[in-house]
Amino acid sequence: AFKIQRRLGVELPGLGKAGALERRPYGPGQHGMKRKKLTDYTIRLMEKQKLRFHYGIREKQLRNLVINCKKDRSRSWVDSLVIRLEARLDNIVFRLNWAPSIAAARQMVSHGHIKVNGQKIDIGSALVNVNDEITLTDKGAKSGNFLQAKARPRLSAIPAYLTVEKDGEKEKAKVMADALPEDIPFAFEKRLVIEYYWK
């Protein structure tokens, strides 16, 4: 996870490893030279890779998502892509600070620790809709992933499209709106991703 973040030059919270950029293996001068050598294609590829690694999805999954989002004429396809990636249940669990990484969130979902509208959902890529309510099972609230995330949250703020409140001893959350590109928790250039998939 550290190597990926250093290579892309950005902290990707979904990987759950903080501090990847603190100890650079080269001085700032060398770093500047390295940046200049990047081709336009490499810069666009790196931007696309940020999405892939942060959300923990395979190349084919991302490409299929892009194809589907390009069919949505109601908004820019890259906005549709952000909405879909942020609406994945594993991402929502992570963004609620219920898991220390997206991989850990996916594990919680697959173990049946998360309910959507009172129903257990065990597929991390399941899409959560506006007005859906997300809750933890009793086991989920006692799981190591949840307790670790509460003790050391990876992100300080919960995004504006989610609300969370106490539900007795546990927490419950609700999706209030679709995500916006600004809600992605790392530096992200939409234009470069659009250019990468320019066909």
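Above: the structure in question.
First things first, this report covers the structure right here in the doc. (Residues numbered from 1 in each chain as written. Predicted model: local features only at pLDDT ≥ 70, side-chain atom pairs only at ≥ 80, totals over all residues. Heavy atoms only, no water.)

**What to know about the sheet that holds strand S4 (residues 162-167)**
Then, in step 1: Strand order across the open sheet formed by 5 strands is S2-S1-S3-S5-S4, with antiparallel pairing between neighbours. Edge positions in the open sheet fall to strand S2 (119-120) and S4, since each of these has one partner strand only.
Then, in step 2: Both strand S3 (residues 133-136) and strand S5 (residues 170-175) contribute to a ladder of 3 bridges, which runs antiparallel. Considered in S5, the bridge of Ile 134 is made with Ala 173. (Pairing = 2+ DSSP bridges. Helix = DSSP H or I, 4+ residues; strand = E, 2+ residues; numbered from the N terminus.)

**Here's the deal with the packing of aromatic side chains**
Then, in step 1: By the definition in use, this model includes 5 aromatic pairs.
Then, in step 2: An angle of 85 degrees between the planes, with centres 6.1 Å apart, marks the rings of Trp 77 and Tyr 197 as edge-to-face. Placement of Trp 77 in helix H5 (residues 77-86) and of Tyr 197 in the segment after helix H10 (190-196) is noted, with a sequence separation of 120 residues between them.
Then, in step 3: Judged by relative accessible area, Tyr 197 falls into the buried class, the value being 4%. (Phe/Tyr/Trp six-rings, centres within 6.5 Å; stacked < 30°, edge-to-face > 60°. Buried < 20%, exposed > 50% of the residue type's maximum accessible area, 1.4 Å probe, protein only.)

**Notes on the pattern of salt bridges**
Then, in step 1: Enumeration over the complete set of coordinates arrives at 16 salt bridges.
Then, in step 2: Among the ionic pairs, Lys 48 bridges to Glu 59, the shortest N-O distance being 2.6 Å. Taken together, the residues Lys 48 in helix H3 (residues 40-55) and Glu 59 in helix H4 (residues 59-70) connect sequence positions 11 residues apart.
Then, in step 3: Given a relative accessible area of 27%, Glu 59 falls into the partly exposed group.
Then, in step 4: Of the charged contacts in the structure, one is a salt bridge between Lys 150 and Glu 171, with a shortest N-O distance of 3.2 Å. In this pair, Lys 150 sits in helix H9 (residues 144-151) while Glu 171 sits in strand S5, placing the two residues 21 residues apart along the sequence.
Then, in step 5: Relative accessible area serves as the criterion here: at 35%, Lys 150 is assigned to the partly exposed category.
Then, in step 6: Taken together, the shared-partner salt bridges in this structure form one network comprising Arg 44, Glu 189, Arg 191 and Glu 195. (Salt bridge = Lys/Arg side-chain N within 4 Å of Asp/Glu carboxyl O.)

**Quick look at H4**
Then, in step 1: Under the 1.5 Å per step criterion, the end-to-end length of H4 is 17 Å for 12 residues, consistent within 8% with the ideal 16 Å.
Then, in step 2: Among all positions of H4, only Leu 62, Leu 65, Val 66 and Cys 69 are buried. Along the axis of H4, the buried residues cluster in a sector spanning 100 degrees; they form a single face.
Then, in step 3: In this structure, the buried residues of H4 make contact with H3 and H5. (Expected span 1.5 Å × (residues − 1). Arc of directions from axis to C-beta. Contact = heavy atoms within 4.5 Å.)

**A word on the pairing of S5**
Then, in step 1: Burial along S5 is one-sided: the face carrying Glu 171, Ala 173 and Val 175 is buried and the face carrying Lys 170, Lys 172 and Lys 174 is not.
Then, in step 2: Counting the residues between successive antiparallel strands, the hairpin from S4 to S5 contains 2 residues, one of them, Gly 168, with a positive phi of roughly 65 degrees.

**Description of the packing of H4 against H5**
Then, in step 1: At a minimum axis distance of 8 Å, the contact between H4 and H5 shows a crossing angle of 125 degrees. When the interaxial angle is binned, H4 and H5 end up oblique. As H4 runs across H5, the sense of the crossing is right-handed. Between H4 and H5, the contacting residues are Leu 62, Leu 65, Val 66, Asn 68, Cys 69 and Lys 70 on the first element and Trp 77, Ser 80, Leu 81, Arg 84 and Leu 85 on the second.
Then, in step 2: In terms of residue class, the contact of H4 with H5 is made up of 7 nonpolar, 2 polar and 2 charged. (Axes fitted to C-alpha atoms, helices over the stretch in contact; angles between N-to-C directions. Parallel < 35°, antiparallel > 145°, perpendicular 65-115°, else oblique. Left-handed = near helix turned anticlockwise from the far one by under 90°. Nonpolar A, V, L, I, M, F, W, Y, C, P; charged D, E, K, R; others polar.)

Treat this as a map of the structure, not an account of what it does.
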